[in-house]
Amino acid sequence: MRSDRVPNPKPENVHNVTDPELCEKMGEKYHWRLKEIRVTRNTPPDVACVFDGEQTSFQDMWQDYQD
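Before going into details, it helps to say that this report is about the structure given with it. The shown structure was predicted, so the numbers you read here are calculated from the model rather than taken from an experiment. (Residues numbered from 1 in each chain as written. Predicted model: local features only at pLDDT ≥ 70, side-chain atom pairs only at ≥ 80, totals over all residues. Heavy atoms only, no water.)

1. Observations regarding the state of the cysteines
Put simply, the test is: Any pair of cysteine sulfurs within 2.5 Å is marked as a disulfide. Numbering of helices and strands runs from the N terminus, with a helix taken as a DSSP run of H or I at least four residues long and a strand as a DSSP run of E at least two residues long. Burial classes: relative accessible area under 20% of the type maximum marks a residue as buried, over 50% as exposed, and values in between as partly exposed (1.4 Å probe, protein chains only).
Counted by the stated rule, this structure contains one disulfide. Disulfide pairing places Cys23 opposite Cys49 at an S-S distance of 2.0 Å. Here Cys23 and Cys49 share a disulfide; its torsion about the S-S bond, -80°, makes the bridge left-handed. One end of the pair, Cys23, is in helix H1 (residues 21-30); the other, Cys49, is in strand S3 (residues 47-52), with 26 residues separating them in the sequence. Looking at Cys23, the relative accessible area reads 0%, which means it is buried. On the basis of relative accessible area, Cys49 is assigned to the buried category, the value being 0%.

This is the structure in structure tokens:
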């Protein structure tokens with residue numbers, strides 16, 4: 001049986017922001033390599049910062065500081 005599915009790509013860590021410049025700042029702050037910035041034509045635009053690596057959660061990081 002032939003499969004037309006593409007092999008799993010490298011994992012991406014995606015976080016949404018309000019301004020594309022914030023992607024650069026987020027990458028610097030957390031030492032993540034910025035792969036691309038995806039901007040939609042919505043109003044206001046949706047901005048997705050795409051970094052290399054496994055998906056992270058700021059909620060998980062925030063809970064670390066609550067102990």
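2. Some remarks on the packing of aromatic side chains
Heads up, the rule is: Pairing of aromatic rings covers Phe, Tyr and Trp, the last through its six-membered ring, and needs centres within 6.5 Å; plane angles under 30 degrees mean stacked, over 60 mean edge-to-face, and all others mean tilted.
Applying the stated criterion across every chain, the model contains two aromatic pairs. A ring pair is formed by Tyr30 and Trp32, whose centres lie 5.0 Å apart and whose planes are at 25°; its orientation type is stacked. What makes Tyr30 partly exposed here is its relative accessible area of 26%. A network of ring pairs unites the aromatic residues Tyr30, Trp32 and Phe51 as a single cluster.

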